[in-house]
Amino acid sequence: MFEFRTYEEDQPWEPPVDDNRVATFEVVYGETRDRIAAYAARRCDSPQYTAHVVAETFTIAWRRVDELPPEQEARLWLYGVARPVRRRP
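Cut-offs used in this document
- Residues numbered from 1 in each chain as written.
- Predicted model: local features only at pLDDT ≥ 70, side-chain atom pairs only at ≥ 80, totals over all residues.
- Heavy atoms only, no water.
- Helix = DSSP H or I, 4+ residues; strand = E, 2+ residues; numbered from the N terminus.
- Contact = heavy atoms within 4.5 Å.
- Axes fitted to C-alpha atoms, helices over the stretch in contact; angles between N-to-C directions.
- Parallel < 35°, antiparallel > 145°, perpendicular 65-115°, else oblique.
- Left-handed = near helix turned anticlockwise from the far one by under 90°.
- Core = buried A, V, L, I, M, F, W, Y, C linked by side-chain atoms within 4.5 Å.
- Buried < 20%, exposed > 50% of the residue type's maximum accessible area, 1.4 Å probe, protein only.
- Patch = residues over 30% accessible without salt bridge, like charges linked within 9 Å, V, L, I, M, F, W, Y side chains within 5 Å.
- Areas by Shrake-Rupley, 256 points an atom, 1.4 Å probe, with all protein chains shown as cover.
- Salt bridge = Lys/Arg side-chain N within 4 Å of Asp/Glu carboxyl O.
- Lys, Arg positive; Asp, Glu negative; His and termini not counted.
- Charge placed at Lys NZ, Arg CZ, Asp CG, Glu CD.

> Teacher, can you tell me more about the side chain of Thr57 here?
Topologically, Thr57 is positioned in helix H2 (residues 47–63). With sequence-adjacent residues up to four places away left out, Thr57 is seen in contact with Ile36, Leu78, Val81, Ala82 and Val85.

Structure representation (structure tokens):
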């Protein structure tokens, strides 16, 4: 049977997060953020759009963290994500 649970008002509900996924993303982000930002900066005509491309690229990486390839291949995968992101209006 379904059980209702109540939560205190000062503690909002947060979805469970797999620590391995978080660790994987943190490592990839730490190793690639500067290169992805430089890639975007060379191809975007404003700092604001550069920031948008970088943020969107890593948002997609977080959503698809289980698909991230290992080590150096992750950087190439992220370039592949950033390329179409920068072309969006």
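> How do you make sense of the packing of helix H1 (residues 19–43) against H2 when you look at a structure like this?
Helices that pack against each other are described as a pair by the angle of their axes relative to one another and the distance between those axes. At a minimum axis distance of 10 Å, the contact between H1 and H2 shows a crossing angle of 155 degrees. Relative to H2, the element H1 lies roughly antiparallel. Two packed elements cross with a definite hand, and for H1 against H2 that hand is right-handed. Residues Arg21, Val22, Phe25, Tyr29, Thr32, Arg33, Ile36, Ala37, Ala40 and Ala41 of H1 form the contact with H2, whose own contacting residues are Thr50, Val53, Val54, Thr57, Phe58, Ala61, Trp62 and Arg63.

> Quick question: what am I supposed to make of the nonpolar core here?
Generally speaking, nonpolar side chains in soluble globular proteins are found buried as a group. Ranked by size, the top nonpolar core spans 20 residues in total, and within it Val53, Phe58, Ala61, Leu68, Trp77 and Leu78 carry the most contacts. Those elements that provide at least two residues to this core are H1, H2 and helix H3 (72–87). Among the elements that make up this core, the one with the highest residue count is H3 (seven residues). In this view, Leu78 contacts Val28, Thr32, Ile36, Thr57, Phe58 and Ala61; residues no more than four positions away in its chain are not counted.

> Please explain a positive patch on the surface as it appears in this structure.
A contiguous patch of positive charge on the surface is contributed by Arg42, Arg43, Arg83 and Arg87. When contributions to the positive patch are tallied by element, the ones reaching two or more residues are H1 and H3. Position of Arg43 relative to the elements: it lies in helix H1. On the basis of relative accessible area, Arg43 is assigned to the partly exposed category, the value being 39%.

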